[in-house]
Amino acid sequence: MDHFSYRRRILHCEEVPIPSLAERYGTPLYVYSKATLLHHLRQLQHAFAAVRPLICYSVKTNGNLHICRLMIEHGAGADVTSGGELYRALRSGATGDKIVFAGVGKTDAEFRYALDSNILMFNVESEAELHALAEVAGQLGRPARVALRVNPALPPKTHVKTDTSVKGTKFGLDIDSLLEFARPMVRHPHVQVVGLHMHLGSPILTTEPYREGVEKGLLLIDALRQQGHPIEYLNMGGGFGIHYRRQAALPASAFAEVIVPAVQKARCKLILEPGRFIVGNAGILVSRVLYTKDSGGKHFVIQDAAMNDLIRPTLYDSFHRIWPVAPADDIPAPPTDYEDDIPGTIKTEVVGPICESGDFLAHDRRLPPLHRGELLAIFSAGAYGMSMSSNYNGRCRAAEVLVDGATHRLIRRRETFEDLVRAEIEV
Ligand code: LLP
């Protein structure tokens, strides 16, 4: 469910008409719905309520301070993956006791920063990392709490670039050697193994991987406890999918049905690290059509959003629904389950201004005829949109607006040319 809807043929975010925002802030523009963000967070909180989970919002998904703060104000902690994300989480009001730190390549400086911030735990991904962390923790005289991140070696379940739990990816500890590696860490003076972590991949549209993951997790927790590790936490990561091409996402309750009984059985505290599920459908990217042209048998719509604003189609061939913000009277409502043929539409290449043929938002997409100046909505762009954006081709990053009912707030201004050279040394 989201709070983007057409009223009198004009797309609104909650009570606010999108054209008024585009007029005021320009395009490309990210627009987020507060009600949608909170709806999804609450869905997770309710679905898993029986085990009172710590929901650590995954900052990498959309790290805007206002969005992080909203999550934290409503009970979430933070899952961070770098010193920079830790900084964002702390700046947004997160307290260390609700922060977990993942990632295969944490530096000593990041260990120090996180230990000084008294974070809840590190998700450790290799033996070498654990030893490096122990050394820093020893120097600081602050013992580190860790969860061992296991790679549970599951079958493929999502796009190859975002599937983190098949054998042979760089993530986590090999499931076959984890116990052997954990044994000598019992009663280590500087690190305490208090949890087991896994993140299966993203996005995941079935419960099966979680079922297999928790099953393997329970066996490992038992074995780690037998070794003498005081395991208190099971962290199942993020990965819950959302609607993109069609209404394919599962409700939070479906994942809870699989995960909650296992957590109860293991007598553990549950940590989750959702990102996309919360913010994915809570954001759209608004662009404006610059030109149209026909070339090489294709119909192109060149609009002002590009791969630097939303790289997911280029990187993963991802599908984002696209529709005019104010469709003409004879244009049907935007499809929610994308069919091949939609009356009144033509096959369109939706592309941006960047000098790469990989700069596209949609290939062969059925869209109504579009004209210069028209606004487009690119849906489900709240997750991994702005957070993966760049300045490539000298493009200023988009502005971001957060809508709340009939009001809205600019939460990131559009970058200026000055911003583009700010970090460079004066010539
Ligand atoms: N925890 C860990 C350790 C992760 O690596 C991730 C995502 C998450 C949690 C949050 O996953 P989510 O709930 O958002 O699915 N850029 C890609 C997705 C990369 C995901 C990276 N890790 C995309 O645009 O699809």
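Residues numbered from 1 in each chain as written. Predicted model: local features only at pLDDT ≥ 70, side-chain atom pairs only at ≥ 80, totals over all residues. Heavy atoms only, no water.

### Points about the pattern of salt bridges
Inference 1: Within this structure, the stated rule accounts for 18 salt bridges.
Inference 2: D176 is paired through a salt bridge with K167; the nearest N and O atoms lie 3.1 Å apart.
Inference 3: Classification of D176 as exposed rests on a relative accessible area of 60%.
Inference 4: With a shortest N-O distance of 3.7 Å, E349 and K298 are connected by a salt bridge. One end of the pair, E349, is in strand β17 (residues 346–351); the other, K298, is in strand β15 (residues 298–303), and 51 residues separate them in sequence.
Inference 5: When salt bridges that share partners are traced, they join K167, D174 and D176 into one network. (Salt bridge = Lys/Arg side-chain N within 4 Å of Asp/Glu carboxyl O. Buried < 20%, exposed > 50% of the residue type's maximum accessible area, 1.4 Å probe, protein only. Helix = DSSP H or I, 4+ residues; strand = E, 2+ residues; numbered from the N terminus.)

### Quick look at the site of the ligand
Inference 1: Taken together, the neighbourhood of the ligand is formed by 18 residues, with S202, E273, R312, Y316 and Y384 sitting nearest.
Inference 2: Within the side chain of R312, a nitrogen or oxygen atom sits 2.6 Å from an oxygen atom of the ligand.
Inference 3: In this structure, Y384 approaches the ligand through a side-chain N or O atom, which is 2.6 Å from an oxygen atom.
Inference 4: In isolation the ligand has 590 Å² of accessible area, and contact with the protein removes 92% of it.
Inference 5: Two domains each donate at least three residues to the shell around the ligand, and these are domain 1 (4–32 + 280–421) and domain 2 (63–274). (Near = heavy atom within 4 Å. Polar contact = N/O pair within 3.5 Å; in protein donor to acceptor, adjacent residues only side chain to side chain. Areas by Shrake-Rupley, 256 points an atom, 1.4 Å probe, with all protein chains shown as cover. Domains from an automatic or database assignment.)

### Description of the packing of aromatic side chains
Think of a pair of aromatic rings as described by two things: how far the centres are apart, and how the planes are tilted against each other in angle.
Inference 1: Enumeration over the complete set of coordinates arrives at eight aromatic pairs.
Inference 2: On the numbers, 5.8 Å between centres and 75° between planes, the contact of F111 with F122 is edge-to-face. Residue F111 is found in helix α5 (residues 108–116), and its partner F122 is found in strand β8 (residues 121–124); the two are separated by 11 residues along the sequence. Note on accessibility: F111 and F122 belong to one class, buried.
Inference 3: When the ring of Y210 is compared with that of F240, the centres are 5.2 Å apart and the planes differ by 50°; the resulting orientation is tilted. Of the two residues, Y210 is situated in helix α8 (residues 208–227) and F240 in the loop between β12 (233–235) and α9 (252–266); the sequence distance between them amounts to 30 residues. Considered together, Y210 and F240 belong to a single accessibility category, that of buried residues.
Inference 4: The rings of F48, Y210, F240, F255 and F277 are connected pair by pair, giving a single aromatic cluster.
Inference 5: A cation sits over an aromatic face here: R321 above F379, 4.7 Å from the ring centre.
Inference 6: The ring of F319 is capped by R365, whose NZ or CZ atom sits 3.7 Å from the centre of that ring. (Phe/Tyr/Trp six-rings, centres within 6.5 Å; stacked < 30°, edge-to-face > 60°. Lys NZ or Arg CZ within 6 Å of the ring centre and 35° of its normal.)

### Considerations on the domain arrangement of the protein
Inference 1: Structurally, the protein comprises domain 1 (4–32 + 280–421) and domain 2 (63–274).
Inference 2: For domain 1 versus domain 2, the distance between C-alpha centres works out to 34 Å.
Inference 3: Contact with domain 1, which involves 17 residues of that partner, is made by 12 residues of domain 2.
Inference 4: A combined buried area of about 1,500 Å² lies between domain 1 and domain 2, and 53% of that area is made up of carbon and sulfur atoms.
Inference 5: Of all residues in domain 1, the largest losses of buried area upon contact with domain 2 belong to Y316, F319 and I411, amounting jointly to 32% of the total for that side.
Inference 6: Linking domain 1 with domain 2 are zero salt bridges, by the criterion used here.
Inference 7: Here domain 1 is connected to domain 2 by seven residue pairs in polar contact (both at pLDDT 80 or more).
Inference 8: Mapped by element, the contributors of at least two residues to the side of domain 1 that touches domain 2 are α11 (312–316) and β21 (407–412). (Contact = heavy atoms within 4.5 Å. Buried area = accessible area lost by both parts, 1.4 Å probe.)

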